[in-house]
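Here's the letter readout for the chains.
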Amino acid sequence: MDRIMNYLLGSRHRLLLSTVLVYILLVVIEGFIMDRESRVYNFENPYFELNLNNIDEFESRRPRDR
Amino acid sequence: MNDATLGRFLILLRREMWESNRLFVASPAVLTGLLLVAMLWTLLQVPTEMKAEALQQAGAYLDGVSPIDLSPAFMVAAIPFVAVLYICSVIYLVNALYHDRKDSSVLFWQSMPVSNLATVLAKVVTVCVVAPLFTALASGILILIAVIAVSILGAGYEVEISGVWPLLGAGIYSIVLIYLTALLGSLWLLPMVGWILLFSAYARSLPFLWALGAFILLVLLEDFVFGTQFLGNWVESRTGFYNYLVFSIGDFFQRLFSYDMLIGIVLGAVLLAGAVNMRRFTD
Amino acid sequence: MMETIVNARNITKFYGDFKALDRVNFSIPTGAITGLIGPNGAGKTTTLKALLGLCDFDGELDVAGRDPRKSRHKLMEDVCFIADVGILPRWMKVDRALDFVDSVHPRFDRSRADTFLANTEIKRRSKIKDLSKGMITQLHLALVMSIDVELLVLDEPTLGLDIIYRKEFYDRLLNDYYDGNRTVIISTHQVEEIETLLTHLMFIDRGQIVLDMAMSNIPDQFVEVLVKTGNLDAAMALGPIHTRNMLGKKACLFENRSADELAHFGELHTPSVADLFVAKMKSNKLNERVNVDE
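Quick notes on the rules
Residues numbered from 1 in each chain as written. Chains lettered and ligands numbered in written order. Predicted model: local features only at pLDDT ≥ 70, side-chain atom pairs only at ≥ 80, totals over all residues. Contact = placed C-beta atoms within 7 Å. Helix = DSSP H or I, 4+ residues; strand = E, 2+ residues; numbered from the N terminus. Nonpolar A, V, L, I, M, F, W, Y, C, P; charged D, E, K, R; others polar. Domains from an automatic or database assignment. Expected span 1.5 Å × (residues − 1). Bend = angle between axes of the 7 residues up to and from the residue. Buried ≥ 20, exposed ≤ 12 C-beta atoms within 10 Å, placed from the backbone. Axes fitted to C-alpha atoms, helices over the stretch in contact; angles between N-to-C directions. Parallel < 35°, antiparallel > 145°, perpendicular 65-115°, else oblique. Pairing = 2+ DSSP bridges.

## Topic: the interface of chain B and chain C
Taken together, the 20 residues of chain B in the interface contact 22 residues of chain C. When contributions to the side of chain B that touches chain C are tallied by element, the ones reaching two or more residues are α1 (3-19) and α7 (106-110) of chain B. Top element by residues in the side of chain B that touches chain C is α1(B). It accounts for six residues. Split into classes, the residues belonging to the side of chain B that touches chain C amount to seven nonpolar, seven polar and six charged.

## Considering the domain arrangement of chain C
Residue and element names in this part refer to chain C. Parsing chain C into structural domains produces domain 1 (4-206) and domain 2 (217-286). For domain 1 and domain 2, the distance between their C-alpha centroids amounts to 34 Å. Contacts between domain 1 and domain 2 engage eight residues on the former and seven residues on the latter. For the side of domain 1 that touches domain 2, the secondary structure elements donating two or more residues are α7 (191-194) and β8 (200-205).

## A word on helix α2 (residues 21-45) of chain B
Residues and elements named next belong to chain B. For α2, with 25 residues, the first-to-last C-alpha span of 35 Å sits near the 36 Å given by 1.5 Å per residue. At S27, α2 shows its maximal kink, close to 30°; a proline, P28, follows between one and four residues later. The set of residues buried in α2 consists of L23, F24, S27, P28 and T32.

## Quick word on the packing of helix α2 (residues 12-34) of chain A against helix α14 (residues 259-278) of chain B
Contact pair α2(A) / α14(B): the axes reach a minimum separation of 9 Å and the direction vectors enclose 175°. With respect to their mutual orientation, α2(A) and α14(B) come out roughly antiparallel. Mapping the contact onto sequence places R12(A), L15(A), T19(A), V22(A), Y23(A), L26(A), V27(A) and E30(A) in α2(A) and I263(B), L267(B), V270(B), L271(B), G274(B), N277(B) and M278(B) in α14(B). Split into classes, the residues belonging to the contact of α2(A) with α14(B) amount to 10 nonpolar, three polar and two charged.

## Overview of the sheet that holds strand β12 (residues 249-255) of chain C
Residue and element names in this part refer to chain C. Spatial ordering of the open sheet is given by β11-β12-β10-β13, a layout of four strands whose pairing is antiparallel. Each of the sheet's edge strands pairs with one partner strand only, and the pair in question is β11 (242-246) and β13 (266-269). With direction set aside, neighbouring strand axes in the sheet form an average angle of 25°. Relative to β12, strand β10 (residues 222-227) runs antiparallel, the two sharing six bridges. By the bridge assignment for β12, L226 is matched with A251. Lying over the sheet, helix α11 (residues 273-286) contacts β10, β11 and β12, oriented at roughly 135° with respect to β11.

If you want it as structure tokens, here you go:
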């Protein structure tokens, strides 16, 4: 355990990554539990809904007449 | 915590104020001065009849209103001060753990028997607890001068302003509310404080760019790769005007112990722990 | 009181691929004034940083009973240092710097610092950035000498200073500060200046300790002979570690040779630290690692 901690916190870069990762993880868990919903951005621009997992769907949805 | 520890922490706070005097003391003071000048100029410009009529209407409106109910109205005056406070706070935080590494004076600080935790905590307390004091005072002075001016004017135009004292009381109470609002706002944004301090301690140059860039990158990455917006939602939950305003002391404690506030403090603490640890790397 | 205030075992430090310290071993006795001497890039600053908890390393290090990596701020109650660059914060006023150290250091003697400063041209209300380099060093020294610590570490403290400030610095250090119980470690490449101060000597080159001994032992181990021309070949046969030319004669530096062996070659004397340093650096390049135990 000690050695893992020493590794994760051993250089400034690893420390940054570890801290940010833990933070993001907590944010995600909290958002999941509390069921947070976005109130702000629901952009119309289709590029904002670009999700690499759905690239095919995106291709078919993209407006042709521009 | 015994006396010695408190004394040592206090000198750390004083050291922060010595270094950042211009950001936290001079800026609000200058703003007060500017707004006073603006006020004076307006008073001189507005024709006498309009002034008398405005005072008459104000007098009628304020008649019988209690100071406590009145104070929130005064808080409008604090808006520019709080804006200045936030801008100065960001500047302060970006440099807090960066500047002394740039000019090597960090080696002096590290040669003192002060723990990294105490160092970082002192900076957090400075920005969240101490700096708002000067903001509240500066805006308070403006409010009080305005109240006194209006009362004198009212007397001059023989307009009934229902007593100077309730107004003054409202003014003083509003100073307290302004302080609590600023304090609460800073605590509410503890995650952002922690984020900036983390990058302030990490970056070898351009810490603000790092803090901002990393954040934007993460938000975009999350959406592009996972299609989720947890990070964005989390940050967005920190905005919302009504989360900040404190209209009564009861308000303050209610907000302070709300779930959102507490979870924010916990997450902010995670980032601050990172910043404390990052302080070990002085090269 | 501990016999040795610093114990270093197998200290290794890499900066990326560069090996700054290579299994360094040494001990510093309490009450010593040790000179850590080496060329630029030898590892002097890295060694001192390791001692002060300012950088990470592999190995075991014990400074005043603590591991510098674990409890830097506790260690700083017993250890003080002056790093080589002018590191006092430039924006601070002199009197506030005094207030700060006073409040933060449990063993700071304010009146002592005031007395030291009274003998300088430093004005209390000045900002540190308005002081000359020599005055900044004076101030830093005044601060440091007023703290009752067990170990004082000085990393090139007089770099770039006028000779007057330099002399005053070492004068103060020796007379006002050193009391036989406190330990001082000075790193420098200006060997001649501190030669007379030192009780112990450590040479470091390319991350390795090349010499570690008390000054009092040097005459036993190292002898320099001013060899008369006729005796030169015989002298060279005994394998001097270094030779130099002096006024028509050759000075040969021998290690671990008795005075009897060498007496008939010419005048004998103890080499200066500077000559010893040059000799050791040269021989380190040629030899395997040489570690002289006390």
